[in-house]
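# Residue-level structural notes
Chain by chain, the residues run as shown.
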Amino acid sequence: MKLIFASGNKHKLQELQQKLPSTIELTSMRDAGYEGEIDEPGATLEENAQIKAQFIFDRFGEHCFADDSGLEIEALNGEPGVYSARYAGPGCSFSDNNQKVLANLKGKTNRKAKFRTIIHLIYGNLNHVFEGAISGTITDDLRGKDGFGYDPIFIPDGHENTFAEMTLDEKNKISHRAQAVQKLIDFLKSR
Ligand code: IMP
């Protein structure tokens, strides 16, 4: 069975390929023949994941899925949320985004936050949505060198280290993305 991932991210593709049964032939949108980027005009993670999956389905008519993730901070009314990648503006770095979060949270006692991943699958014309989420708190300073994005400022509940102070294996056991991916895999295995 062929399954197209509406993403150009090679790391995500590799990680998924390892976890999927060999009966599923995972293909990136690039290998399927789409070289461009897909706009993400949605106001929510759910909308963006759906828009990207639908775009690829309309083009190729094959089983396909897309993902969208973000960090939602309670005291910032859910920001950066859907704008997580570009929170500090066009062309910003991970460090710019982290500094903006810390500045916006300065003096605030509520440091609660949540990482969420939405996977939108279009499978034989039907839509399926899988969600992974992990709650935690935002630190006062950057901590740790591993990972990416907001990893240095996020401590998952029940842990003392930030995601950036954990090994990739430790993070992948609990992360929002790993949880959503597991739900996708369980669904595909049950077909
Ligand atoms: P994407 O939808 O997976 O590309 O994620 C969008 C943005 O959310 C990324 O550019 C990061 O800023 C942030 N993000 C998503 N997942 C993570 C994570 O596991 N750690 C840190 N930041 C993340």
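Report on the accompanying structure. (Residues numbered from 1 in each chain as written. Predicted model: local features only at pLDDT ≥ 70, side-chain atom pairs only at ≥ 80, totals over all residues. Heavy atoms only, no water.)

## Topic: the sheet that holds strand β1 (residues 2–5)
Here we have six strands laid out as an open sheet, ordered β2-β1-β3-β4-β5-β6, and mixed in their pairing. Two strands lie at the open edges of the sheet, namely β2 (25–28) and β6 (154–156), each paired on one side alone. Strand after strand, the sheet turns through a mean of 35 degrees between neighbouring axes, direction not considered. Across two bridges, the pairing between β1 and strand β3 (residues 64–73) is parallel. Across the sheet, Ile4 pairs through a bridge with Cys64, a residue of β3. On top of the sheet, helix α1 (residues 10–19) reaches β1, β2 and β3; it is set at about 175 degrees to β2, its chief contact. With respect to the sheet, helix α6 (residues 176–189) is in contact with β1, β3, β4 (112–123) and β5 (126–138), its orientation differing from that of β5 by roughly 155 degrees. (Pairing = 2+ DSSP bridges. Helix = DSSP H or I, 4+ residues; strand = E, 2+ residues; numbered from the N terminus. Axes fitted to C-alpha atoms, helices over the stretch in contact; angles between N-to-C directions. Contact = heavy atoms within 4.5 Å.)

## Here's the deal with the site of the ligand
Neighbouring residues of the ligand: 13 residues in total, closest Lys12, Ser69, Asp151, Lys171 and Arg177. The side chain of Lys171 places a nitrogen or oxygen atom 2.7 Å from an oxygen atom of the ligand. Contact distances for the ligand include 2.8 Å between a nitrogen atom and a side-chain N or O atom of Arg177. Out of a free accessible area of 480 Å², the ligand has 87% covered by protein chains. In this structure, the ligand is accommodated by the largest pocket. Within the residue set of the shell around the ligand, elements represented by two or more residues are β3 and α6. Here the shell around the ligand is composed, by residue class, of four nonpolar, four polar and five charged. (Near = heavy atom within 4 Å. Polar contact = N/O pair within 3.5 Å; in protein donor to acceptor, adjacent residues only side chain to side chain. Areas by Shrake-Rupley, 256 points an atom, 1.4 Å probe, with all protein chains shown as cover. 1 Å grid on protein atoms, 1.4 Å probe; cavity = no way out; pocket = protein on both sides within 12 Å on 5 of 7 lines; lining within 4 Å. Sits in = over half its atoms within 2 Å of the grid points. Nonpolar A, V, L, I, M, F, W, Y, C, P; charged D, E, K, R; others polar.)

## Overview of empty space enclosed by the protein
Counted by the stated rule, this structure contains one cavity of 30 Å³ or more. Of the voids in this model, the largest cavity is the one considered here, and its volume is about 80 Å³. Phe5, Lys12, Glu15, Leu16, Lys19, Phe65, Asp67, Ile119, Arg177 and Val181 are the residues that line the largest cavity. Among the elements of the structure, α1, β3 and α6 are those that each provide at least two residues to the lining of the largest cavity. Element by element, the count of residues in the lining of the largest cavity is highest for α1, at four residues. Of the residues assigned to the lining of the largest cavity, the class counts are five nonpolar, no polar and five charged. (Points joined across faces, edges and corners; volume = space filled by probe spheres on them.)

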